[in-house]
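For reference, the chains in residue letters:
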Amino acid sequence: MAVERTLSIIKPDATRRNLTGKINARFEDNGLRIVAQRRLQLTRVQAEAFYGVHKERSFFNDLCDFMTSGPVVAQVFEGEGAVAKNREIMGATNPANADEGTIRKDFAESVEANSVHGSDSPENAAIEIAFFFAETDIVG
Ligand code: CMP
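The structure presented is a predicted model; accordingly, all values stated were derived computationally and were not measured. (Residues numbered from 1 in each chain as written. Predicted model: local features only at pLDDT ≥ 70, side-chain atom pairs only at ≥ 80, totals over all residues. Heavy atoms only, no water.)

Novice: What's the story with the pairing of strand β1 (residues 3–10) in this structure? I'm lost.
Specialist: Two faces make up the sheet, and in a regular strand the side chains alternate between them. By the bridge criterion, 8 bridges tie β1 to strand β3 (residues 72–80) in an arrangement that is antiparallel. Of the residues in β3, the one forming a bridge with L7 is V76. Pairing of β1 with strand β4 (residues 116–118) involves 3 bridges; the strand directions are antiparallel. Across the sheet, the residue bridging to S8 is G118, located in β4. (Pairing = 2+ DSSP bridges. Helix = DSSP H or I, 4+ residues; strand = E, 2+ residues; numbered from the N terminus.)

What follows is the structure, given as structure tokens:
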């Protein structure tokens, strides 16, 4: 399997509960390397642009409110099959459907406040990584 990069975000519900370290340990213990990381407060414009693909969905406004409600940690992970591995470690979008031992099962509060985001394909990973990081910010 190819070495890939993917974009991860630790969401405001998790930074608020001081879970950054515990969440990072899940990823690192499962073979992903954090090769870039930045804590930031998203602006409304940034949140709407990042989730632009969802702008017609009923939850779009609430999602943007939530994503700007506190700091996030944007990260780039690197590893064999990193996109799929990251999604496996996160678990299903809705924590009610997430497998035992996944981040969302153990930490998420709701489908909206679900603690982490991860890119859904290598193509979107490249777009989402470029949203937050310059190539020179990423040190493998
Ligand atoms: P994420 O992987 O960041 O991508 C889009 C986000 O929308 C998703 O995680 C959820 O946090 C959020 N969301 C809120 N409500 C819904 C919903 N009903 N279905 C899917 N995603 C939702």
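Novice: When you look at helix α5 (residues 82–90) in this model, what are you seeing that I'm missing?
Specialist: Turn by turn, an α-helix covers 3.6 residues, leaving residues three or four places apart pointing in a common direction. Of the positions making up α5, those classed as buried are A82, V83, N86, I89 and M90. For α5, the angular spread of buried residues about the axis comes to 135°, placing them on one side. On its buried face, α5 is in contact with β1, α2 (20–29), β3, α6 (103–107), β4 and α7 (122–132). (Buried < 20%, exposed > 50% of the residue type's maximum accessible area, 1.4 Å probe, protein only. Arc of directions from axis to C-beta. Contact = heavy atoms within 4.5 Å.)

Novice: Can you help me understand the nonpolar core in this one?
Specialist: Note on soluble globular proteins: their nonpolar side chains tend to be buried together. By size, the foremost hydrophobic cluster in this structure holds 22 residues, and its most contacted members are L7, I9, M67, V76, F132, F133 and I138. Mapped by element, the contributors of at least two residues to this core are β1, β2 (33–40), α3 (44–50), α4 (60–67), β3 and α7. The element that contributes the greatest number of residues to this core is α4, accounting for 5 residues. With residues up to four places along the chain from it excluded, the contact list for F133 reads L7, A36, Q37, R38, A74, Q75, V76 and I138. Ranked by size, the runner-up nonpolar core spans 14 residues in total, among them L32, V73, I89 and M90. (Core = buried A, V, L, I, M, F, W, Y, C linked by side-chain atoms within 4.5 Å.)

Novice: How should I be thinking about the environment of N24 in this particular structure?
Specialist: Counting through the fold element by element, N24 comes out in helix α2. Separated by 10 residues in sequence, N24 and I34 have C-alpha atoms that sit 8.3 Å apart. Setting aside residues no more than four positions away along its own chain, N24 makes contact with I10, I34, Q37 and Q75. A distance of 2.6 Å separates the side chain of N24 from the side chain of Q75, its partner in a polar contact. (Polar contact = N/O pair within 3.5 Å; in protein donor to acceptor, adjacent residues only side chain to side chain.)

Worth remembering: the numbers are spatial, not functional.
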